Each structure stands twice: as structure tokens, then as C-alpha cells.
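Structure at a glance
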Amino acid sequence: MKTLKFKTNINCHNCLAKVEPKLNKESKIESWSVDLQSDDRILTVQSESMSEEEVFKTVLKAGFIAKPL
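Residues numbered from 1 in each chain as written. Predicted model: local features only at pLDDT ≥ 70, side-chain atom pairs only at ≥ 80, totals over all residues. Heavy atoms only, no water.

**Comments concerning helix α1 (residues 13-25)**
Rule in force here: A run of DSSP states H or I qualifies as a helix once it reaches four residues; a run of E qualifies as a strand once it reaches two. Both are numbered from the N-terminal end. For a helix, the expected span equals 1.5 Å multiplied by the residue count minus one. Each residue is assigned to one of three classes by its accessible area relative to the maximum for its type, calculated with a 1.4 Å probe on protein chains only: buried under 20%, partly exposed between the two thresholds, exposed over 50%. Contacts are assigned to residue pairs with any non-hydrogen atoms lying within 4.5 Å of each other.
In this model, α1 (13 residues) spans 18 Å end to end at C-alpha, consistent with the 18 Å of a helix rising 1.5 Å per residue. Of the positions making up α1, those classed as buried are Cys15, Leu16, Val19 and Leu23. Buried residues along α1 sit against β2 (29-35), β3 (42-47) and α2 (52-61).

Quick look at the structure:
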């Protein structure tokens, strides 16, 4: 299992509610979380096979940006 980390613009619980269905729907993601307390709003994704590009595109579909750290 690999851990991917991204700086995001997911700022609040409402933003999180918009991105949650997209991330939950992605079968390659084992688990994910967003640290809303961090200044960089770090998204952490656990996956065996998902690439940084795939995570970026999934988050973008929800209207947010995820830049790999």
C-alpha cells in the first residue's frame, strides 16, 4: 500500500462534503482523509495502484485542486 499526500484547497466541511462522494466512489482508494487543521489542507490517500494524476483528476471533478507534495 502506498500513501499519497496532496496540498488542497478543500477548506471546510462543506467543501469536504462535495469531494467525499468522488473519493468514496473511486474503487482504487482504500482510504483517504483531509486534515482541515493544516494550513495546506493535506489530503492523504491510501492506495495500492492509484497514481498522483488519477487522484488529481478525481478531486478536480469535485471542483477542487490537489497538488502532490
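Structure's up, so let's keep going.
**Concerning the packing of α1 against α2**
We count it as follows: In this analysis an axis means a line fitted to C-alpha atoms, helices contributing only their contacting stretch, and an angle means the value between N-to-C directions, from 0 to 180 degrees. Orientation is classified from the angle alone, with under 35 degrees giving roughly parallel, over 145 giving roughly antiparallel, 65 to 115 giving roughly perpendicular, and any other angle giving oblique. Here a crossing is taken to be left-handed if its near helix is turned anticlockwise relative to the far helix by less than a right angle, and right-handed if that turn runs clockwise. Here the nonpolar group is Ala, Val, Leu, Ile, Met, Phe, Trp, Tyr, Cys and Pro; Asp, Glu, Lys and Arg are the charged ones; every other residue, Gly included, is treated as polar.
Closest axis-to-axis distance for the α1/α2 pair is 8 Å, and the angle between their directions is 135 degrees. Of the possible angle classes, the one that applies to α1 and α2 is oblique. As α1 runs across α2, the sense of the crossing is right-handed. Note on element contacts: α2 touches α1 through Thr58, Val59 and Lys61, opposite Val19, Lys22 and Leu23. By residue class, the composition of the contact of α1 with α2 is three nonpolar, one polar and two charged.

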